[in-house]
Amino acid sequence: MTRVANWLDERLAWRRVWEAIFLRRVPKVNWFYTLGSATLFVALNQIVTGILLTIYYVPTPDHAYDSVQYITTEVPAGWLIRGLHHWGASALIVLVVLHMLRVILGGAYKYPREITWMTGVVLLIVSLGFGFTGYLLPWDQKAYWATTVGTRIAGTAPVIGDSMLRILRGGEDLTAVTLARFFGVHVWILPVALLTLIGIHLYLVIRIGISAVPKRKE
Ligand code: HEM
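As a starting point, this report considers the structure included with it.

**Considering the site of the ligand**
Working step 1: The ligand sits among 24 residues. The nearest are Y33, H99, R102, H201 and S211.
Working step 2: A distance of 2.9 Å is found between an oxygen atom of the ligand and a side-chain nitrogen or oxygen belonging to R113.
Working step 3: Contact distances for the ligand include 2.8 Å between a nitrogen atom and a side-chain N or O atom of H201.
Working step 4: Of all the secondary structure elements, the ones that give two or more residues to the shell around the ligand are helix 3 (35-54), helix 5 (78-105), helix 6 (114-136) and helix 9 (176-208).
Working step 5: Ranked by residues supplied to the shell around the ligand, first place goes to helix 6 with six residues.
Working step 6: For the shell around the ligand, the per-class residue count stands at 13 nonpolar, nine polar and two charged.

Here's what the structure looks like:
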């Protein structure tokens, strides 16, 4: 075992990577500093359960609703996978906001962590995007009307409102085109953005190190 590990280490230097990630020194911090990791855990849960859901989910108006019912009632552990994805979506938003509040209250957005903060802001937008696009996918009454209202709100924006509404819906009304593009954004564009941004975010957390709990006089 050790020989295999050494053989790989000579070629990949994986021990240095392991040390940088898991054996780095951190200042004495409190539980609020675990919120980023909790967010990361839920984000990974969303990716895994989301991939599993795509095995049975069909993104067309004819089949979307039925496929979701099928997942919930017929597929083995489908109810569990869907439940984890459904509640995980809410948990992600709650955790990402709490994590951001810790960063604000601890002043962790300041030099030299500005880019960690900026990638975080985009991660927040991406997380909200997941919620918005995912809500339509069950294609039930609640989903349909919530997205009708949501896209109409975007349509009230000055100057660009009309084009935004058309881009979001893929036309004047909510149709198969809307469902297809929400699905595409939900399972391809946003996950790629999320993973890329998390990669940069965590690289910076490891490179710069975590901020210490601020002292009263700082
Ligand atoms: C999917 C979303 C996110 C994930 C997975 C994530 C993950 C993490 C993790 C694991 C850490 C290190 C541990 C910790 O401080 O809790 C961290 C630190 C940090 N995050 Fe996030 N984060 C996310 C969103 C955000 C948001 C929305 C912001 C702010 C707008 C943000 C800003 C920061 C900053 C500035 C740090 C450095 C904190 C320090 O050094 O004390 N992050 N993030």
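**What to know about the packing of aromatic side chains**
Working step 1: Per the counting criterion, the structure on display carries seven aromatic pairs.
Working step 2: An angle of 50° between the planes, with centres 4.6 Å apart, marks the rings of W18 and F22 as tilted. Pair noted here: W18 and F22 are both in helix 2 (residues 14-22), with a separation of four residues, about one helical turn.
Working step 3: Measuring from ring centre to ring centre gives 5.6 Å for W139 and Y144, while their planes differ by 85°; the resulting arrangement is edge-to-face.
Working step 4: By relative accessible area, Y144 is classed as partly exposed at 25%.
Working step 5: An aromatic cluster of three or more residues is present, and its members are W139, Y144 and W145.
Working step 6: We note R11 situated over the ring of W7; from NZ or CZ to the ring centre the distance is 4.0 Å.
Working step 7: Looking at R102, its charged tip hangs above the ring of Y33, at a distance of 3.8 Å from the centre.

Conventions used here
- Residues numbered from 1 in each chain as written.
- Predicted model: local features only at pLDDT ≥ 70, side-chain atom pairs only at ≥ 80, totals over all residues.
- Heavy atoms only, no water.
- Near = heavy atom within 4 Å.
- Polar contact = N/O pair within 3.5 Å; in protein donor to acceptor, adjacent residues only side chain to side chain.
- Helix = DSSP H or I, 4+ residues; strand = E, 2+ residues; numbered from the N terminus.
- Nonpolar A, V, L, I, M, F, W, Y, C, P; charged D, E, K, R; others polar.
- Phe/Tyr/Trp six-rings, centres within 6.5 Å; stacked < 30°, edge-to-face > 60°.
- Buried < 20%, exposed > 50% of the residue type's maximum accessible area, 1.4 Å probe, protein only.
- Lys NZ or Arg CZ within 6 Å of the ring centre and 35° of its normal.

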